[in-house]
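Below are the chains, spelled out letter by letter.
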Amino acid sequence: MEKYKNIGLKLTPQRLAILDFLEGNTSHPSAEEIFTAVSGRFPTMSFATVYNTLETLKGKGAVVELTGDPQKKRFDPNTAPHHHLICTRCRRIADVQVDYKIDLPRSSRMGFEITGNHIEFFGVCPACRKGGPEKTGSGAQTPGEENHED
Ligand SMILES: [Zn+2]
Ligand SMILES: [Zn+2]
């Protein structure tokens, strides 16, 4: 929470609830998921407040926007350099803290000064490999495809 106090964001109770939810959160939530979580405590919270707060935090470098999920933006409060494991079935994103030494040859840099990199590993998470995410054993739910919209 300390890092958020130093970025010049006016901390309204609603914004604090958003920051509180993001603090230490490793689930890489979407704006929709953040809204669902915090609007339980703040019924007057609007999606625009969540979205605008995320945009402000992103602009100040306090959260990172992930683009690996084509269906929705996901946000990562962990701004330290790290990589990601992405489940192609349930879209779960897990952190990879291995420090890869990746060197882009000068001839391939197109004149860029390289300041970082981000690797996305795609695969199927343990829950999905077992047959579905969050399957509790009772077999009532159909796992997997609920995020599909066409
Ligand atoms: Zn999965
Ligand atoms: Zn992450």
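It should be noted that the structure appears before, not after, this text.
The structure displayed is predicted, hence computed values, not measured ones.

Calculation criteria
- Residues numbered from 1 in each chain as written.
- Chains lettered and ligands numbered in written order.
- Predicted model: local features only at pLDDT ≥ 70, side-chain atom pairs only at ≥ 80, totals over all residues.
- Axes fitted to C-alpha atoms, helices over the stretch in contact; angles between N-to-C directions.
- Helix = DSSP H or I, 4+ residues; strand = E, 2+ residues; numbered from the N terminus.
- Parallel < 35°, antiparallel > 145°, perpendicular 65-115°, else oblique.
- Left-handed = near helix turned anticlockwise from the far one by under 90°.
- Contact = placed C-beta atoms within 7 Å.
- Nonpolar A, V, L, I, M, F, W, Y, C, P; charged D, E, K, R; others polar.
- Pairing = 2+ DSSP bridges.
- Buried ≥ 20, exposed ≤ 12 C-beta atoms within 10 Å, placed from the backbone.

A. Here's a closer look at the packing of helix 3 (residues 31-39) against helix 4 (residues 47-59). Closest axis-to-axis distance for the helix 3/helix 4 pair is 9 Å, and the angle between their directions is 125°. The orientation of helix 3 relative to helix 4 falls into the category oblique. The way helix 3 lies across helix 4 gives a crossing that is right-handed. Across the interface between the two elements, A31, I34, F35 and V38 from helix 3 touch F47, V50, Y51 and L54 from helix 4. Here the contact of helix 3 with helix 4 is built from residues that sort into 8 nonpolar, no polar and no charged.

B. Broad picture of the sheet that holds strand 4 (residues 93-96). Taken together, the 3 strands give an open sheet; going across it, the order is 4-3-5, and neighbouring strands pair in mixed fashion. Two strands lie at the open edges of the sheet, namely strand 4 and strand 5 (120-123), each paired on one side alone. Pairwise comparison of adjacent strand axes, ignoring direction, gives a mean angle of 25° for this sheet. Pairing analysis gives 4 bridges linking strand 3 (residues 83-87) to strand 5, with the strands arranged parallel. Among the inter-strand pairings, C87 is bridged to a residue of strand 5, identified as G123.

C. Seen up close, the environment of A31. By secondary structure assignment, the location of A31 is in helix 3. Classification of A31 by C-beta neighbours within 10 Å gives buried; the count is 20. Considered as a pair, A31 and F47 are 16 residues apart in the sequence and their alpha carbons are 8.0 Å apart. Beyond its immediate sequence surroundings of up to four residues, A31 is in contact with V50, Y51, L54 and K73.

D. Looking closely at the packing of helix 2 (residues 13-22) against helix 3. In the contact formed by helix 2 and helix 3, the axes pass within 10 Å of each other and the chain directions differ by 115°. Our classification of the angle between helix 2 and helix 3 gives roughly perpendicular. Two packed elements cross with a definite hand, and for helix 2 against helix 3 that hand is right-handed. Contact residues: A17, I18 and F21 in helix 2; I34, A37 and V38 in helix 3.

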